[in-house]
Amino acid sequence: MKLGSYEVKLEKKLKVTGWEAAAISILAILIALVLVSFIFLQAKVNPLIGYKEIFSFAFTNKFGLPLTINRSIFILLCTCAFIVPMKAGLWNIGMAGQLYAGALGAFAVAFAFGAKESPNSTLSPGIVIPLMMVGAMLGGALIGAIPGFLKGSFNTNEIVVTMMLNSITFWLVAYMIKDGGPFMGGGGEGEGYKLPESIFAPQIFGGPFTVLIALGLAAFLYFIFTRFKIGYQIKTFGLSPTAARYAGISSFKIPLLVFIIGGLIAGLAGYHNFAAVPGVYKITQNYGNYGDLSFYGIICGLISQQNPLAAIPIALLFGGLTNGGRYVQGKLKLGFGIDYALLGVLMITLVFFQFFYRYKIVWKKIDKEV
Amino acid sequence: MWDFIARSLNASTIFTIAALGELIEQRAGILNVGIEGVMLFGATLGFIVAKTTGSYLLGFLAAITIGGLIALLYGFFTITLGGNQVVNGMGIWILGFGLTAYVGYPYTGPLGMDRITDFFGLSPFFFVGVALIIVTWWVFSKTSLGLKMRSVGENPSVAEVSGINVNRTRYLSVITSGMLMGLAGAIYSLNYNPVWSINFLMGWGFLALALVFFSMWNSFILLGGSILFGTLWQLSLNPELVLPGVLSRYIWRTVPFAMTIIVLVLMSTKWFSSRWGAAKPEALGLPYEKE
């Protein structure tokens, strides 16, 4: 293509450096924010004021900041749950189902200790809380193992299976907490029973301790994928399952393993969201919204190029945007669902920008013919 | 009993038309996992237009148009930019899911219009679905356009050499499919269950995607599969018709999704694929670049 005296050409990139990838990701996020500002304009709100309100509530307000951090922990866990299978070239879009199952697992443990029958009982947090987390991990891993096992044994499409499991576990939770289900709370509003105060999750720096788990997990995964044999095996499988098989890597074990780990992490996200976030401590009536939010994990995982450490600041940003978005829609009288709209716009911008991971635009001055 | 059968066929129509859209583009080698997103766009925009103008016709036209436009966007990403089709499809799905939640929210609630005339409970769209199935079969097996579409799905390089414009043919099939998916979404929101709420499709698009794999890319098997799924869906809503009092109604809601997994597993076994696996378009999901 010619523009004036310049020639614009697309050239294939052979390799994307870390800095290039970071620059592309940041640009994609900025473009998405610019696109979302049309929503503000349409609602007759100055986008600059809109974003100022969002960011100041999300990151400087003493009520907003804790909410942002809770939300970011949740998104970071969902991101890790997405990243691990993605490294093996597999799509886990079942974080929603896995986190519902994790929540059920955690509350099943508390239930077994009589938390529902005697809400004022004093349970030993040192025993019950770790067991609840184990329950959450088992629940998530169990649901995660299904697509992994089916992929490994029969090469069944994991996208459809994980999506089906989202719907299945959604209704299982409804069964457990509504219409007299085993986990239904006393109020009769169709929500789960409330945990006794003795097993509320411990807090550090005024937030739930799960922040340590999320950050530790991101660092741990980073090391697994850069330093350990199993990490290389997973990545090799992701690049080419056939080549991996020649290298002696099992094409049954890898899909099973990555989905079990993914499900396990998403299960922890379920524990965090329903049993550790201050003020919640029950499976809420609108649990489906948190399943929807888990899809931010997909975007965060893709935009960070599946780098768990790079995902940390992005999860914080998305946590702030979704939280602040909810706040401004009340304050500035915007329509419901700014966070949903942002989710969609971010995703499609990112899809467009993946083009620049593969191509670069080259400008060349055309030499005047002599 | 007839009521139940009619409701089931009405539900199956949505599967038929949406999955037919997917089938058409898959025959041309394009995999679109974002089918649910396109349906959500069609359903939501169709609902809004019908509710504000009071005209079903405009609602359906809007749904078909937006379906085609979203598919055009998908085609641009997939055919022109040549990106990973799964990533692009996910993008379309999440865009649809997120944006329609925001755009549709002020219209939450029932449509509040007279229902479209039906034949003893059977929606006229059922016949539209059957007609579309026949037309698709005829186009693919009897016309040169169908042959072109199939050949770009099997081996695009050979098709290009024999004088077929691969990209143009693929765009044509992608846009046609998007229009069908948009229509299917609007049949859900304007006829089958005319109430808008957030993410109300809850997996219908993904069920339709599974149906295409199930159909072996044959439009008549697709019709049979849709009727099976429609019946199963309706049964999961009214389990008391068959097994009164057994299991909670919430557990019944999981049945169609669980069945989908089971069917999909059967289809991917060696036993099955070695017999009927050859029907899969050879170039499905692969980007094509001119040499």
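Being a predicted model, the structure only gives us computed values, none of them experimental. (Residues numbered from 1 in each chain as written. Chains lettered and ligands numbered in written order. Predicted model: local features only at pLDDT ≥ 70, side-chain atom pairs only at ≥ 80, totals over all residues.)

### Regarding the overall build of chain B
Here comes step 1: Looking only at helices and strands, chain B features 13 helices and two strands.
Here comes step 2: The globule rule puts the C-alpha radius of gyration for 291 residues at 19 Å, and the 19 Å found for chain B is close to it.
Here comes step 3: On the principal axes, the C-alpha backbone points of chain B span a range of 60 × 45 × 35 Å.
Here comes step 4: For chain B, the proportion of its 291 residues judged to be buried stands at 53%. (Helix = DSSP H or I, 4+ residues; strand = E, 2+ residues; numbered from the N terminus. Rg over C-alpha atoms; globule rule 2.2 N^0.38 Å. Buried ≥ 20, exposed ≤ 12 C-beta atoms within 10 Å, placed from the backbone.)

### Quick look at the overall build of chain A
Here comes step 1: Helix and strand content of chain A: 15 helices and five strands.
Here comes step 2: Its C-alpha radius of gyration of 23 Å places chain A within 12% of the 21 Å reference for a compact globule of 370 residues.
Here comes step 3: If you line up chain A on its principal axes, its C-alpha atoms span 95 × 60 × 35 Å.
Here comes step 4: In chain A, buried positions account for 51% of the 370 residues.
Here comes step 5: The long-range fraction of contacts in chain A, counting pairs at least 24 apart against all pairs at least 6 apart in sequence, stands at 79%. (Contact = placed C-beta atoms within 7 Å.)

### Points about the interface of chain B and chain A
Here comes step 1: Contacts between the two partners involve 39 residues from chain B, matched on the other side by 35 residues from chain A.
Here comes step 2: Contributing elements (two or more residues each) for the side of chain B that touches chain A: helix 4 (85-104), helix 9 (204-214), helix 11 (249-253) and helix 12 (255-268) of chain B.
Here comes step 3: Split by residue class, the side of chain B that touches chain A holds 26 nonpolar, 12 polar and one charged. (Nonpolar A, V, L, I, M, F, W, Y, C, P; charged D, E, K, R; others polar.)

### Focus on the pairing of strand 2 (residues 6-12) of chain A
Residues and elements named next belong to chain A.
Here comes step 1: By the criterion of burial, strand 2 is predominantly exposed, with just zero of the seven residues buried.
Here comes step 2: The pairing of strand 2 with strand 5 (residues 359-365) spans seven bridges and is classified as antiparallel. Residue pairing across strands places glutamate 7 opposite lysine 364, the latter belonging to strand 5. (Pairing = 2+ DSSP bridges.)

### Regarding helix 2 (residues 35-53) of chain B
All names here are of chain B.
Here comes step 1: A rise of 1.5 Å per residue sets the reference length of helix 2, with its 19 residues, at 27 Å; its end C-alpha atoms lie 27 Å apart and thus fit the reference within 8%.
Here comes step 2: Most of helix 2 sits inside the fold, with 17 of its 19 residues counted as buried.
Here comes step 3: One or two positions beyond helix 2, positive phi appears at glycine 54, with a value near 75°. (Expected span 1.5 Å × (residues − 1).)

### A closer look at the nonpolar core
Here comes step 1: Membership of the largest hydrophobic core comes to 213 residues, with the highest contact counts inside it found for A:Leu77 and B:Ala18.
Here comes step 2: Here this core takes 16 residues from helix 10 (residues 253-276) of chain A, the largest share from any one element.
Here comes step 3: Residue contacts for B:Ala18: discarding those within four places in its chain leaves B:Ile35, B:Met39, B:Leu180, B:Met181, B:Ala184, B:Gly205 and B:Ala208. (Core = buried A, V, L, I, M, F, W, Y, C linked by C-beta atoms within 7 Å.)

### Remarks on helix 13 (residues 308-331) of chain A
Residue and element names in this part refer to chain A.
Here comes step 1: A rise of 1.5 Å per residue sets the reference length of helix 13, with its 24 residues, at 34 Å; its end C-alpha atoms lie 34 Å apart and thus fit the reference within 8%.
Here comes step 2: Roughly 25° is the biggest bend found in helix 13, and it falls at isoleucine 314.
Here comes step 3: Burial of helix 13 is extensive: 19 of the 24 residues sit out of reach of the surface.
Here comes step 4: Lysine 333 lies just past helix 13 and shows a positive phi near 55°. (Bend = angle between axes of the 7 residues up to and from the residue.)

### Examining unusual backbone geometry
Here comes step 1: Located in the positive-phi region is A:Tyr281, a residue other than glycine, with phi close to 55°.
Here comes step 2: In this fold, A:Tyr281 is placed in the loop between helix 10 and helix 11 (287-293).
Here comes step 3: One non-glycine residue with positive phi stands out, namely B:Met202, at about 40°.
Here comes step 4: When you line up the elements, B:Met202 lands in the loop between strand 2 (195-196) and helix 9.
Here comes step 5: Look at B:Met202 and you get partly exposed, because 19 C-beta atoms sit within 10 Å.

### Considerations on the environment of B:Gly203
Here comes step 1: Following the sequence through the fold, B:Gly203 ends up in the loop between strand 2 and helix 9.
Here comes step 2: Residues B:Gly203 and B:Ile35 lie 168 residues apart in sequence; the distance between their C-alpha atoms is 10.0 Å.
Here comes step 3: When neighbours within four sequence positions are excluded, B:Gly203 is seen to be in contact with A:Met163, A:Met164, A:Ser167 and B:Phe257.

### A short note on the packing of helix 2 of chain B against helix 3 (residues 56-80) of chain B
Residue and element names in this part refer to chain B.
Here comes step 1: Running from N to C, helix 2 and helix 3 cross one another at 150°; their axes reach a closest spacing of 7 Å. Considering the angle they form, helix 2 stands roughly antiparallel to helix 3. The interaxial crossing formed by helix 2 with helix 3 has right-handed handedness. Taken together, the residues of helix 3 that come into contact with helix 2 (itself represented by Val38, Phe41, Gly42, Ala43, Leu45, Gly46, Phe47, Val49, Ala50 and Thr53) are Tyr56, Leu58, Gly59, Phe60, Ala62, Ala63, Ile66, Gly67, Ile70 and Ala71.
Here comes step 2: Of the residues belonging to the contact of helix 2 with helix 3, the class tally is 15 nonpolar, five polar and no charged. (Axes fitted to C-alpha atoms, helices over the stretch in contact; angles between N-to-C directions. Parallel < 35°, antiparallel > 145°, perpendicular 65-115°, else oblique. Left-handed = near helix turned anticlockwise from the far one by under 90°.)

### What about the packing of helix 1 (residues 2-27) of chain B against helix 8 (residues 166-192) of chain B?
Residue and element names in this part refer to chain B.
Here comes step 1: Here helix 1 crosses helix 8 at 165°, and the two axes come no closer than 7 Å. Between helix 1 and helix 8, the crossing angle belongs to the class labelled roughly antiparallel. Where helix 1 crosses over helix 8, the handedness of that crossing is left-handed. Taking contact as the criterion, the partners of Asn10, Ala11, Thr13, Ile14, Ile17, Ala18, Leu20, Gly21, Glu22, Ile24 and Glu25 in helix 1 are, on helix 8, Ser173, Val174, Thr176, Ser177, Gly178, Leu180, Met181, Leu183, Ala184, Ile187, Tyr188 and Tyr192.
Here comes step 2: In terms of residue class, the contact of helix 1 with helix 8 is made up of 14 nonpolar, seven polar and two charged.

### A short note on the environment of B:Tyr250
Here comes step 1: The topology assignment puts B:Tyr250 in helix 11.
Here comes step 2: It is 9.0 Å that separates the C-alpha atoms of B:Tyr250 and B:Leu237, two residues lying 13 residues apart in sequence.
Here comes step 3: When near neighbours in sequence (up to four residues on either side) are disregarded, B:Tyr250 contacts A:Trp171, A:Ala174 and A:Tyr175.

### What about the confidence of the model for chain B?
Here comes step 1: With 99% of its residues at a pLDDT of at least 70, chain B reaches an overall mean of 91.
Here comes step 2: For this predicted complex, the interface score ipTM comes out at 0.89, alongside a pTM of 0.92. (pLDDT = per-residue confidence, 0-100.)

### Notes on the environment of A:Leu142
Residue and element names in this part refer to chain A.
Here comes step 1: Mapped onto the elements of the fold, leucine 142 is located in helix 5 (residues 125-154).
Here comes step 2: Residue classification places leucine 142 among the partly exposed positions, given that 17 C-beta atoms sit within 10 Å.
Here comes step 3: Sequence separation between leucine 142 and glycine 263 is 121 residues; the distance between their C-alpha atoms is 7.3 Å.

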